[in-house]
Amino acid sequence: MRKAEDGQIRAIEHDLTVTQGLDLAAYQPRFLIEQIVASSRFKAQPPALHRELVQLALANLTVGRSPGAGDGVGMGSGSLARVA
């Protein structure tokens, strides 16, 4: 992968801090690169900071919850009967 340009880094930082409301963390650069490389391998293309790959990596930084999904409390084996 070639060196990232300043504009690309600023755009990723903006997505993290402004769009997603996250604080910057030391693990994020490595995590994002690993995610981009993994997605590139899956798509059989060379790794690059393409918008689509960056967005996929950013989406993997957080755990999404659907509205009304609850907080997981009380989700023991008894709850499986409700799902089945």
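Computed from a predicted structure; not experimentally measured.

Enquirer: Sorry, what's going on with the packing of helix 2 (residues 28-42) against helix 3 (residues 51-59) here?
Expert: A pair of packed helices is characterised by two quantities: the angle between their axes and the separation of those axes. For the pair helix 2 and helix 3, the least separation of the axes is 9 Å and the interaxial angle reads 125 degrees. Relative to helix 3, the element helix 2 is oriented oblique. For the pair helix 2 and helix 3, the sense of crossing is right-handed. Taken together, the residues of helix 3 that come into contact with helix 2 (itself represented by F31, L32, Q35, I36, S39 and S40) are L53, V54, L56, A57 and L58. Looking at side-chain class alone, the contact of helix 2 with helix 3 contains eight nonpolar, three polar and no charged residues.

Enquirer: I keep staring at the nonpolar core and nothing clicks. Help me out?
Expert: Most often, soluble globular proteins have nonpolar side chains that are buried together. Counting nine residues, the largest nonpolar core is built from I12, L16, L32, I36, L53, V54, A57, L58 and L61. Elements with a minimum of two residues in this core: helix 1 (6-19), helix 2 and helix 3. The element best represented in this core is helix 3, accounting for four residues. Not counting chain neighbours up to four residues away, the residues in contact with A57 comprise F31, L32, Q35 and I36.

Enquirer: How do you make sense of the packing of aromatic side chains when you look at a structure like this?
Expert: Two measures describe an aromatic ring pair: the distance that separates the ring centres and the angle between the ring planes. Tallied over the full model, the rule gives one aromatic pair. Taking 6.5 Å as the distance between ring centres and 75 degrees as the angle between the ring planes, the aromatic pair formed by Y27 and F31 counts as edge-to-face. Residue Y27 is classed as partly exposed on the basis of its relative accessible area of 46%.

Enquirer: Just to check I follow, could you spell out the pattern of salt bridges for this structure?
Expert: Any two side chains of opposite charge can pair, given that their charged atoms come close. According to the stated counting rule, one finds three salt bridges in the structure shown. E52 is the partner of K43 in a salt bridge, and the nearest nitrogen-oxygen pair spans 2.8 Å. Residue class for K43 comes out partly exposed when judged on its relative accessible area of 33%.

Enquirer: What is the right way to look at the side chain of S39 in this model?
Expert: As for its position among the elements, S39 is in helix 2. Beyond its immediate stretch of four places on either side in the chain, S39 contacts L53 and L56.

Enquirer: Before we go on, may I ask you to explain the side chain of S40 in this structure?
Expert: Within the secondary structure, S40 is located in helix 2. Assessed through its relative accessible area of 0%, S40 is described here as buried. Each residue touching S40, except ones within four places of it in the same chain, is listed here: Q45, P46, P47, A48 and L53.

Enquirer: Explanation requested: the packing of helix 1 against helix 3 in the structure shown.
Expert: Between helix 1 and helix 3, the least distance of the axes is 11 Å, while the angle of their chain directions is 35 degrees. Considering only the axes of helix 1 and helix 3, their crossing is right-handed. Between helix 1, through I12, D15 and L16, and helix 3, the contact on the second element is made entirely by R51, V54, Q55 and L58. Residues that form the contact of helix 1 with helix 3 fall into these classes: four nonpolar, one polar and two charged.

What counts as what
Residues numbered from 1 in each chain as written. Predicted model: local features only at pLDDT ≥ 70, side-chain atom pairs only at ≥ 80, totals over all residues. Heavy atoms only, no water. Axes fitted to C-alpha atoms, helices over the stretch in contact; angles between N-to-C directions. Helix = DSSP H or I, 4+ residues; strand = E, 2+ residues; numbered from the N terminus. Parallel < 35°, antiparallel > 145°, perpendicular 65-115°, else oblique. Left-handed = near helix turned anticlockwise from the far one by under 90°. Contact = heavy atoms within 4.5 Å. Nonpolar A, V, L, I, M, F, W, Y, C, P; charged D, E, K, R; others polar. Core = buried A, V, L, I, M, F, W, Y, C linked by side-chain atoms within 4.5 Å. Buried < 20%, exposed > 50% of the residue type's maximum accessible area, 1.4 Å probe, protein only. Phe/Tyr/Trp six-rings, centres within 6.5 Å; stacked < 30°, edge-to-face > 60°. Salt bridge = Lys/Arg side-chain N within 4 Å of Asp/Glu carboxyl O.

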